[in-house]
Amino acid sequence: MKRQFIKTLLAGTALVLLPAMPAAAQSLEDLQAQLASLIEKVEKLEVSQATKAAKTSVVKKAEPAFSLATQDGLFEFNLRGRLYADYINVSDKDNTQDISATEFRTARLGIEGTAWKSVKYKFEADFAGNEVTVKDAYMQFKTSFGNIAAGQFKTPNSLDEQTSSRHITFMERGSFTDAFSFARQMGIMWSDAGKNWTAKVGVFKGAMGDDGQGNLTLAARTTYGNNFQGGKWIIGSSIRYRETDGQMRYRQRPHVHISDRFVNTGNIGNGKDLFFGLE
């Protein structure tokens, strides 16, 4: 309708001007050619505006969680969260422990998304245990030589630890991930990946909320794998060096979060340790 109005307006203007113009000024054919050229420009402008509007329009989705994204893929915003409820019954023949209880193992709410396709961000907090704990809180920048992440996130150790709790085999991870205190820390990390390989290297300085004085963690992980019918095989290795302002302690629960830790070395060592593992 808008295009037709402009065409009619241009044609009417040309007809009004025709009687007033000297015959030598320009012929009717010239005016018709100019009018056709103007109409073509208007049509191209309309197409350009429509294309631009389509690219910048926002797409809304509500499954599985609410999200917003632009048609051109430059920006995306997603709400995320999870809720785990657990019932636990723990006892032993020596009556040192007798627990029958429930808990919200995890109650998380957060946001994640991308900006200009090259920036990824994520912020997530856990409200379980009547306290608020910040989990992931970082920005990741895509560069020509890999990805650079800064903020709080997991150190690059252990396949089990790197896998989200939404996708691990059991509700609790393997014993050594807790015993060796693999956790999120504040730091900066470089990462890159190819068709069959991944590599990560980072330096960290304690978790958010800790004073972090005297704490230092250097960690790296690399993997290689490929697909086969019905699955994927992978081999990998990781290493972590830690320095703290106190002694180390290694302990573990019996795969139940509320339970006391049955294995506990107490404080040992000189505040430094080196972990390396194969996957």
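Residues numbered from 1 in each chain as written. Predicted model: local features only at pLDDT ≥ 70, side-chain atom pairs only at ≥ 80, totals over all residues. Heavy atoms only, no water.

## Quick word on the pairing of strand β2 (residues 67-70)
Both faces of the sheet carry side chains from a regular strand, because those side chains alternate between them.
Part 1 of the reasoning: Bridge count between strand β1 (residues 58-61) and β2: four bridges; the pairing is antiparallel. When the sheet's bridge partners are listed, Val59 is paired in β2 with Ala69.
Part 2 of the reasoning: Between the end of β1 and the start of β2, which pair antiparallel, lie five residues.
Part 3 of the reasoning: With three bridges joining them, β2 and strand β3 (residues 75-91) adopt antiparallel strand pairing. If you follow Ala69 over to β3, its bridge partner there is Glu76. (Pairing = 2+ DSSP bridges. Helix = DSSP H or I, 4+ residues; strand = E, 2+ residues; numbered from the N terminus.)

## Points about the sheet that holds strand β14 (residues 272-278)
Part 1 of the reasoning: With respect to topology, twelve strands assemble into an open sheet ordered β1-β2-β3-β4-β5-β6-β7-β8-β9-β10-β11-β14, the strand pairing being antiparallel. The outermost strands of the open sheet, each flanked by one partner alone, are β1 and β14. Averaged over neighbouring strand pairs, the angle between their axes works out to 15° when direction is ignored. (Axes fitted to C-alpha atoms, helices over the stretch in contact; angles between N-to-C directions.)

## Focus: the pairing of strand β4 (residues 98-115)
Part 1 of the reasoning: Two strands pair when backbone bridges link them, and β3 and β4 are joined in this way by 17 bridges, in the antiparallel orientation. Counted as the bridge partner of Ile88 is Ala101 from β4.
Part 2 of the reasoning: As consecutive antiparallel partners, β4 and strand β5 (residues 119-126) are separated by three residues, and within that stretch Trp116 has a phi angle of approximately 55°, a positive value.

## Looking at the nonpolar core
Part 1 of the reasoning: Counting six residues, the largest nonpolar core consists of Tyr138, Ala149, Phe153, Met189, Phe204 and Ala219.
Part 2 of the reasoning: Discounting residues that sit within four places of it in the chain, Met189 has contacts with Asn147, Ile148, Ala149, Phe153, Pro156, Lys200, Val201 and Gly202. (Core = buried A, V, L, I, M, F, W, Y, C linked by side-chain atoms within 4.5 Å. Buried < 20%, exposed > 50% of the residue type's maximum accessible area, 1.4 Å probe, protein only. Contact = heavy atoms within 4.5 Å.)

## Section: the side chain of Asp136
Part 1 of the reasoning: Within the fold, Asp136 resides in strand β6 (residues 133-143).
Part 2 of the reasoning: Owing to a relative accessible area of 8%, Asp136 belongs among the buried residues under this scheme.
Part 3 of the reasoning: Reaching out from Asp136, the side chain makes a polar contact with the side chain of Arg184 at a distance of 3.1 Å.
Part 4 of the reasoning: The contacts of Asp136, once residues within four sequence positions are left out, are Lys122, Phe123, Glu124, Gln152, Phe153, Lys154 and Arg184. (Polar contact = N/O pair within 3.5 Å; in protein donor to acceptor, adjacent residues only side chain to side chain.)

## Topic: the pattern of salt bridges
If charged atoms from side chains of opposite charge come close, those side chains can pair.
Part 1 of the reasoning: For the structure on display, the rule yields 13 salt bridges.
Part 2 of the reasoning: The residue Glu40 makes a salt bridge to Lys44 at a minimum N-O spacing of 3.6 Å. Highlighted residues: Glu40 and Lys44, both in helix α2 (residues 28-56), separated by four residues, approximately one helical turn.
Part 3 of the reasoning: The exposure class assigned to Glu40 is partly exposed, which follows from its relative accessible area of 41%.
Part 4 of the reasoning: Take Lys44: its relative accessible area is 55%, and that puts it in the exposed class.
Part 5 of the reasoning: Between Glu124 and Arg108 there is a salt bridge, and its shortest N-O distance comes to 3.8 Å. On the criterion of sequence distance, the pair formed by Glu124 in strand β5 and Arg108 in strand β4 is long-range, its members being 16 residues apart.
Part 6 of the reasoning: Where salt bridges share partners, they join Arg80, Arg82, Arg108, Glu112, Glu124 and Asp126 into one cluster. (Salt bridge = Lys/Arg side-chain N within 4 Å of Asp/Glu carboxyl O.)

## Focus on the packing of aromatic side chains
Part 1 of the reasoning: Following the criterion strictly, the structure yields eight aromatic pairs and no others.
Part 2 of the reasoning: Note on Phe153 and Phe204: the rings are 5.5 Å apart at their centroids and 75° apart in plane angle, and the pair reads as edge-to-face. Of this pair, Phe153 sits in strand β7 (residues 146-154) while Phe204 is found in strand β9 (residues 197-204), placing the two residues 51 residues apart along the sequence.
Part 3 of the reasoning: Of the residues examined, Phe153 reaches a relative accessible area of 6% and is grouped as buried.
Part 4 of the reasoning: Seen from their ring centres, Phe176 and Phe182 are 6.1 Å apart, and the 90° between their planes marks the pair as edge-to-face.
Part 5 of the reasoning: Its relative accessible area of 37% is what places Phe176 among the partly exposed residues.
Part 6 of the reasoning: These aromatic residues form a ring-pair network of at least three members: Phe176, Phe180, Phe182, Tyr250 and Phe275. (Phe/Tyr/Trp six-rings, centres within 6.5 Å; stacked < 30°, edge-to-face > 60°.)

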